[in-house]
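# Examining the three-dimensional arrangement
Below are the chains, spelled out letter by letter.
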Amino acid sequence: MESTVPPAPAAALPTPAPAAEVVLTVAGISKSFGDNHVLKDFSLTLRRGENVVVLGKSGSGKSVLIKCIIGLLKPDAGTITVLGQPVATLSHVALDALRAKVGFLFQSNALYDSMTVRENLLFPLRRHWLADHQGQEDQLVLQALDDVGLPQTIDQLPAELSGGQRKRIALARTLIVPPEIILYDEPTTGLDPVTAREIDQLIRHVQQKYHASSLIISHDMSCVRLTSDRVILLSEGRSYAEGTYAELLASTDPIVHAFFE
Amino acid sequence: MPPVLPTPPCCPLISPATPMPASTFFTEFRAMTGFTGRFFREGFRPRYEWLELLNQCYAIGYQSLPLVGITSFIMGLVLTLRLRPTMVQFGATSWIPVMVGLTIIQELGPIITGLMVAGKVGSSIGAELGSMRVSEQIDAMEVSGTNPFKYLVVTRILAATLMVPILTLLADAVGLGACYLGINLQGVTSVALFTNNILGRLTFGEVLPAVVKTFFFGFAIGLIGCYKGYHASKGTQGVGVAANSAVVLSSLMIFLLDLVAVGVSTAFGLI
Ligand SMILES: Nc1ncnc2c1ncn2[C@@H]1O[C@H](COP(=O)(O)OP(=O)(O)OP(=O)(O)O)[C@@H](O)[C@H]1O
Ligand SMILES: [Mg+2]
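Attention in this report is confined to the structure presented alongside it. (Residues numbered from 1 in each chain as written. Chains lettered and ligands numbered in written order. Predicted model: local features only at pLDDT ≥ 70, side-chain atom pairs only at ≥ 80, totals over all residues. Heavy atoms only, no water.)

## Things to note about the nonpolar core
- Core analysis: the biggest nonpolar cluster contains 78 residues, and Leu24(A), Ile69(A) and Leu215(A) have the highest contact counts within it.
- Sort the elements by how many residues they give to this core and helix H5 (residues 148-185) of chain B lands first, with 12 residues.
- Setting aside residues no more than four positions away along its own chain, Leu24(A) makes contact with Leu44(A), Thr45(A), Leu46(A), Ile69(A), Ile80(A), Thr81(A), Val82(A), Ile181(A) and Leu215(A).
- Leu150(A), Tyr184(A), Ile216(A) and Tyr245(A) belong to the second largest nonpolar core, which has 44 residues in total. (Core = buried A, V, L, I, M, F, W, Y, C linked by side-chain atoms within 4.5 Å. Buried < 20%, exposed > 50% of the residue type's maximum accessible area, 1.4 Å probe, protein only. Helix = DSSP H or I, 4+ residues; strand = E, 2+ residues; numbered from the N terminus. Contact = heavy atoms within 4.5 Å.)

This is the structure:
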């Protein structure tokens, strides 16, 4: 079956600026787990300062896609280029250096539960050798917590926080090493609508503040509407449709339409 | 005779519901050998996680101290009190210190320490790494520019390898102290006589294997706990399985290593 919204050529996209440099390219990747062919020849591009949302059903391989991008999983075929570097062939050292420029928000938050919020935030900072002295570290931690509006939780353990708070702390940990690209895996799933909208605003705020590019995975339509410059619909392991939120909303294709009901 | 079940037509010989134990064993064995190889490949190359190694030494050593202390105290005391009537019968009470001393230093100290640490530390390493694997914390570390194998696994294995021998020495000391106490409950011996009695008859060849094998005990506990946790399957059940099998396997391994140690010492004429 053919999509009614043909994937627009990247160069023709109106947003954000047509000439913005490409920071992330996924070219025809495939990934299978045994007989489970999750991704089949999937491609996308992300430009500087742009927010792209990948939309798809549960189990369609969205998490697998961004784990391939960050190098946690290896695609069976295809190439992924992040900030000009091919992820699959990088050495450990080069991959670590690249990862310092890419933020990753896990679907499960993945906060270190034996560490306090402060230690959680310090971990990536120290690992990437970014802060020179104690004072600077503290300042960066407080700054990151301020960004997500939770400075009072600094000495608490993740287990003492609510789901929404945990999500925000995870976001703070992602942002503490200022990223050029941020990968969000379902930032609003499981949150109440009010908190979810706050996270959406935060994503927009971060995009403006750091001029970062974001790849957001979501099936929360309000999140898609509020955060996306461009939307890609992942279905059957392929990029099924692509366009702005408004374009996809206007689509009559039943599969696309099903998401916007 | 039980009724013969019809075999499903698609797979007449091997049913997936009953995996062959031998093949599972060899798969597991191979995976574990690979894991050990990775430890030696990655463990001795920078960057070194000194701080985390210290943390783990503290966690493993200091926290097992009360448990190891209490159990070896009780063993030393019980052994002395049990042995005494027999020795009195043979008129060999002066042999009690050296008999108990040898038993504790060569076997009971290492074994009890090993088992206690396997129970306390092996399970907690298995559960901790297991839950970190399940909740993607290990992936999060990798994304944060950290090699989780070095940070989590290498440090824990090294810490266990270093701490079990130290704990064993302490356990030996506590056990001998308890032996001294046991003797003094029913008679009097001076500390000097007691220590002379033991130290005078212990040879280097008797003590060395006992010390050396404890490094292997520690290594096995750390390795098995880390392996089980690091490869825990998804879900909370995976964490429980990891912790449980870490204890069972490392306890078993301690006895196997002890057997090997006896064999090796005999071969070298140390016994
Ligand atoms: N490590 C893995 N091993 C085996 N199969 C996996 C693994 N990771 C993912 N899968 C499979 O890949 C498919 C896609 O999983 P994925 O987590 O990417 O879904 P998703 O699109 O993120 O779904 P959701 O919206 O529910 O998070 C699933 O069928 C899953 O079983
Ligand atoms: Mg997912």
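Okay, back to it.
## Looking at the site of ligand 1
Residues and elements named next belong to chain A.
- Within the structure, ligand 1 sits among 14 residues, and Ser58, Gly59, Lys62, Ser63 and Glu186 are positioned closest to it.
- In this structure, Ser60 approaches ligand 1 through a main-chain N or O atom, which is 3.2 Å from an oxygen atom.
- In this structure, Lys62 approaches ligand 1 through a side-chain N or O atom, which is 2.8 Å from an oxygen atom.
- Within the complex, 62% of the 630 Å² of free accessible area of ligand 1 lies under protein.
- Top contributing element to the shell around ligand 1 by residue count: helix H1 (residues 62-70), with three residues.
- Classifying every residue of the shell around ligand 1 by side-chain character gives three nonpolar, eight polar and three charged. (Near = heavy atom within 4 Å. Polar contact = N/O pair within 3.5 Å; in protein donor to acceptor, adjacent residues only side chain to side chain. Areas by Shrake-Rupley, 256 points an atom, 1.4 Å probe, with all protein chains shown as cover. Nonpolar A, V, L, I, M, F, W, Y, C, P; charged D, E, K, R; others polar.)

## Points about the interface of chain B and chain A
- Counting from both sides, the interface comprises 15 residues of chain B and, opposite them, 19 residues of chain A.
- Taken together, the links from chain B to chain A amount to three salt bridges.
- The shortest N-O distance in the salt bridge between Glu142(B) and Arg99(A) comes to 3.9 Å.
- Applying the counting criterion to the chain B and chain A interface returns nine residue pairs in polar contact (both at pLDDT 80 or more).
- With six residues, helix H4 (residues 137-143) of chain B is the largest single contributor of residues to the side of chain B that touches chain A.
- A per-class count over the side of chain B that touches chain A returns five nonpolar, five polar and five charged. (Salt bridge = Lys/Arg side-chain N within 4 Å of Asp/Glu carboxyl O.)

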